[in-house]
Amino acid sequence: MSGKSTQSFFVTTPIYYVNDQPHLGHAYTTVACDALARFMRLDGRQVKFLTGTDEHGQKVEQSARAAGVSPQEFVDRISGGFREITRLLDISQDEFIRTTEPRHARAVQALWRELEGRGEIYLGRFAGWYSVRDEAFYDESELVDGKAPTGAEVEWLEEENYFFRLSSWQDRLLAYYEGNPDAVAPRSRRNEVISFVKGGLRDLSISRTSFSWGVPVPDDPNHVIYVWLDALTNYITAIGYPTDKTEFTTYWPADLHMVGKDILRFHSVYWPAFLMAAGLEPPRRVFAHGWWTVEGQKMSKSLGNFIPPQQLVDAYGVDPLRYFLLRELPFGNDGDFSQRAVIGRINGDLANDFGNLAQRVLVMINRDCGAAVPEPDRLADTDRALLDSSRGLLNNVRKAMEEQAFQSALEGIWRVVGEANRYVDEQAPWALRRDDPVRMRTVLYILAETIRYLAILMQPFVPASAGKLLDQLAVPPGSRDFAGLAEAPLTPGTRLPKPEGIFPRFVEAPAA
């Protein structure tokens, strides 16, 4: 068993390969991990949220040569672009790691020495199909029309390599999946991984001599360490492996590695095997999400539809983009990114449903209650029903977030948004203003409390917008976590600022 505290939470994006510029797919993974990290912090967990860039390998060496710069100059430039999207998308990472950092080389070599000392590595000769684009080896049986399953070109490679004894870990990996049913998600991906392992594992080449841009093999500098062994080690480099035992035991094993489905095998087969072979625990969960198409077409350079995140933020805003990515489809499925779909979410969900609810309630409080939190009177059953729905949200959203069911979490929040809108229409506080001002104040208090619940729970998804809404409710910064949901209700008489719209409608610019 791990000595790790149940109060800690370690979540990682994949480290992004610096052979190209960031696009929609990178934004998707990063926003999902950010929402989860923010949620866990609000829920009282000690969070470590890691992202970064993978900067070694043959592709990088080739791209740098083509650009007429050194590999280090090349990765410095591209890595800067990935760091920039964390600022652009309001990402709250605790650390941004680069595999060219000296501490990472030390960690990779330490892991190598541990594996070698345990007899898990041997020197042999590799002969087989290799894809430079995927940085992956493929069996003849995996090729499709002479190419990798990903469509990448492959080349026949023969060279002296060090090998990891992956074949000896087949049964132990299957036992790991059996004993940890949540270790690979969603279920379809778990089945895919188990099927691959049951099909038989061959020893894995883990060094190369045909290029030099990588971490040297200890005591044999003619070899560099295979880019995936190098890259995967980042997850333990960032928490102090092998020297900082306190931080390592605080956060390891990782609670969640979030990856795209194209790199699932590396994270769910090779990585657990490397770790167990080194006497370390495997991650608790690897979740492989799907891919986005753009206007019904697969993203590709030739079609020119690799949308830069800056373009999306300029068009829609940060929070509306974040909301769309997590709300539009069940996490794990493939989805289509279209302007029509984004505008539908912005104007339907954010502006009409939630934004309009908050705006009309706060305007009525400002106008009819002296711009202060109203004093409620005796509660009716309908008032209690709405409050009970709000109070029940946290447990439902928590369960969804633990399963990375972001769409389900937001659907649950929107059910209460819908209830609150129906309550406004049924109670008609604008009419009560004349006929029963005491009841009006009660209705507006119930609505303001409901909006407080909704805004606190929306912070992981739309942090800036939810923060502005909480400002308008005069919720103190120290009362915005989930403990504050029950412990810090709105205090009648608290002065409120003049309300401002939080989610404006998206209006398309007229054609020129």
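Below, the structure is looked at part by part. (Residues numbered from 1 in each chain as written. Predicted model: local features only at pLDDT ≥ 70, side-chain atom pairs only at ≥ 80, totals over all residues. Heavy atoms only, no water.)

1. A look at the nonpolar core
- Counting residues in hydrophobic clusters, the biggest one holds 98 residues, and the most contacted among them are F337, L357, F406, I413, L447, M458 and F461.
- Considering every element that reaches this core, the biggest residue donor is helix α18 (residues 437-458), with 14 residues.
- For F337, the residues in contact, after removing those within four places along its chain, are L24, W292, T293, V294, E295, I307, L312, Y316, L321, F324, L325 and V342. (Core = buried A, V, L, I, M, F, W, Y, C linked by side-chain atoms within 4.5 Å. Buried < 20%, exposed > 50% of the residue type's maximum accessible area, 1.4 Å probe, protein only. Helix = DSSP H or I, 4+ residues; strand = E, 2+ residues; numbered from the N terminus. Contact = heavy atoms within 4.5 Å.)

2. Some thoughts on the packing of helix α12 (residues 318-327) against helix α16 (residues 406-427)
- Running from N to C, α12 and α16 cross one another at 110 degrees; their axes reach a closest spacing of 8 Å. Regarding the angle of α12 to α16, the classification is roughly perpendicular. On α16, the residues that touch Y323, L326 and R327 of α12 are F406, Q407, L410, E411 and W414.
- Within the contact of α12 with α16, the residues separate by chemical class into five nonpolar, one polar and two charged. (Axes fitted to C-alpha atoms, helices over the stretch in contact; angles between N-to-C directions. Parallel < 35°, antiparallel > 145°, perpendicular 65-115°, else oblique. Nonpolar A, V, L, I, M, F, W, Y, C, P; charged D, E, K, R; others polar.)

3. Observations regarding the pairing of strand β14 (residues 286-289)
- Covered by surrounding structure in β14 are V286 and A288 together with F287 and H289, the residues of both alternating faces.
- Where strand β13 (residues 256-260) lies against β14, four bridges are found, and the strand directions are parallel. Counted as the bridge partner of G260 is H289 from β14. (Pairing = 2+ DSSP bridges.)

4. Structural notes on the side chain of T13
- Tracing the backbone shows T13 in the loop between β1 (8-12) and β2 (16-17).
- Polar contacts involving the side chain of T13 include one to the side chain of T51, which spans 2.7 Å.
- Once residues lying within four places of it in the same chain are set aside, the contact partners of T13 are T29, T30, C33, F49, L50, T51, G52, Y235 and M258. (Polar contact = N/O pair within 3.5 Å; in protein donor to acceptor, adjacent residues only side chain to side chain.)

5. Remarks on unusual backbone geometry
- Going from Y241 to P242, the amide bond is cis rather than trans, its omega being 0 degrees.
- You can see P242 is positioned in the loop between α8 (234-237) and α9 (245-251).
- Of note, D145 is a non-glycine position whose phi angle comes to about 55 degrees, a positive value.
- Topologically, D145 is positioned in the loop between β6 (136-138) and β7 (155-164).

6. Some remarks on the sheet that holds strand β12 (residues 220-225)
- If you trace the three strands from one edge of the open sheet to the other, you get β10-β12-β11, paired in antiparallel fashion. Two strands lie at the open edges of the sheet, namely β10 (207-208) and β11 (216-217), each paired on one side alone.

7. Looking at the environment of P71
- Position of P71 among the secondary structure elements: in helix α3 (residues 71-88).
- Once the C-alpha coordinates of P71 and N180 are considered, the two residues, 109 residues apart in sequence, prove to be 40 Å apart.
- With residues up to four places along the chain from it excluded, the contact list for P71 reads A64 and W213.

8. Points about the environment of V11
- Here V11 lies in strand β1.
- Take V11: its relative accessible area is 0%, and that puts it in the buried class.
- Taking C-alpha positions, V11 is 8.1 Å from L36, a pair spaced 25 residues apart along the chain.
- Not counting chain neighbours up to four residues away, the residues in contact with V11 comprise C33, L36, A37, K48, F49, L50 and L256.

9. Quick notes on the sheet that holds strand β5 (residues 121-131)
- Taken in spatial order, the four strands line up as β6-β5-β7-β9 in an open sheet, and their pairing is antiparallel. Since the sheet does not close on itself, it has two edges, and those belong to β6 and β9 (204-205), each with one partner.
- Examined bridge by bridge, β5 and β6 share three bridges and lie antiparallel to one another. Paired with Y130 across the strands is F137, a residue of β6.
- Relative to β7, helix α10 (residues 264-277) is tilted by about 30 degrees, and along the sheet it contacts β6, β7 and β9.

10. A short note on the pattern of salt bridges
- Using the criterion set out here, one finds 33 salt bridges in the structure.
- Between D34 and R38 there is a salt bridge, and its shortest N-O distance comes to 2.8 Å. Placement of the pair is D34 and R38 together in helix α1 (residues 24-42), with a separation of four residues, close to one helical turn. The same class applies to D34 as to R38, namely buried.
- For D368, the salt bridge identified is with R433, shortest N-O distance 3.0 Å. Taken together, the positions of D368 in helix α13 (residues 339-368) and R433 in helix α17 (residues 429-435) put the pair 65 residues apart, joining distant regions of the chain.
- Judged by relative accessible area, R433 falls into the partly exposed class, the value being 46%.
- Through salt bridges with shared partners, a single network forms among K48, E95, E101, R103 and E247. (Salt bridge = Lys/Arg side-chain N within 4 Å of Asp/Glu carboxyl O.)

11. A few points about helix α19 (residues 463-472)
- In terms of residue burial, α19 counts as a mostly covered element, since seven of its ten residues are buried.
- Of the residues making up α19, those classed as buried are P463, S465, A466, G467, L469, L470 and Q472.
- Looking at the packing, one finds that the buried side of α19 touches α1, α12, α13 and α18.
- Two residues or fewer past α19, A474 is found with a positive phi of approximately 55 degrees.

12. A short note on the packing of aromatic side chains
- Applying the stated criterion across every chain yields a total of 26 aromatic pairs.
- Between the aromatic rings of F248 and W252, the centroid separation amounts to 6.1 Å while the plane-to-plane angle is 20 degrees, which identifies the pairing as stacked. W252 shares its class with F248; the two are buried.
- Among the aromatic side chains, those forming a connected cluster through ring pairs are F10, Y235, Y241, F248, Y251, W252 and W271.
- Across from the ring centre of W169, 3.5 Å away, lies the NZ or CZ of R172, which sits over that ring.
- Sitting over the face of the ring of W291, K261 holds its NZ or CZ atom 4.7 Å from the ring centroid. (Phe/Tyr/Trp six-rings, centres within 6.5 Å; stacked < 30°, edge-to-face > 60°. Lys NZ or Arg CZ within 6 Å of the ring centre and 35° of its normal.)

By themselves, these are just geometric observations and shouldn't be taken as functional.
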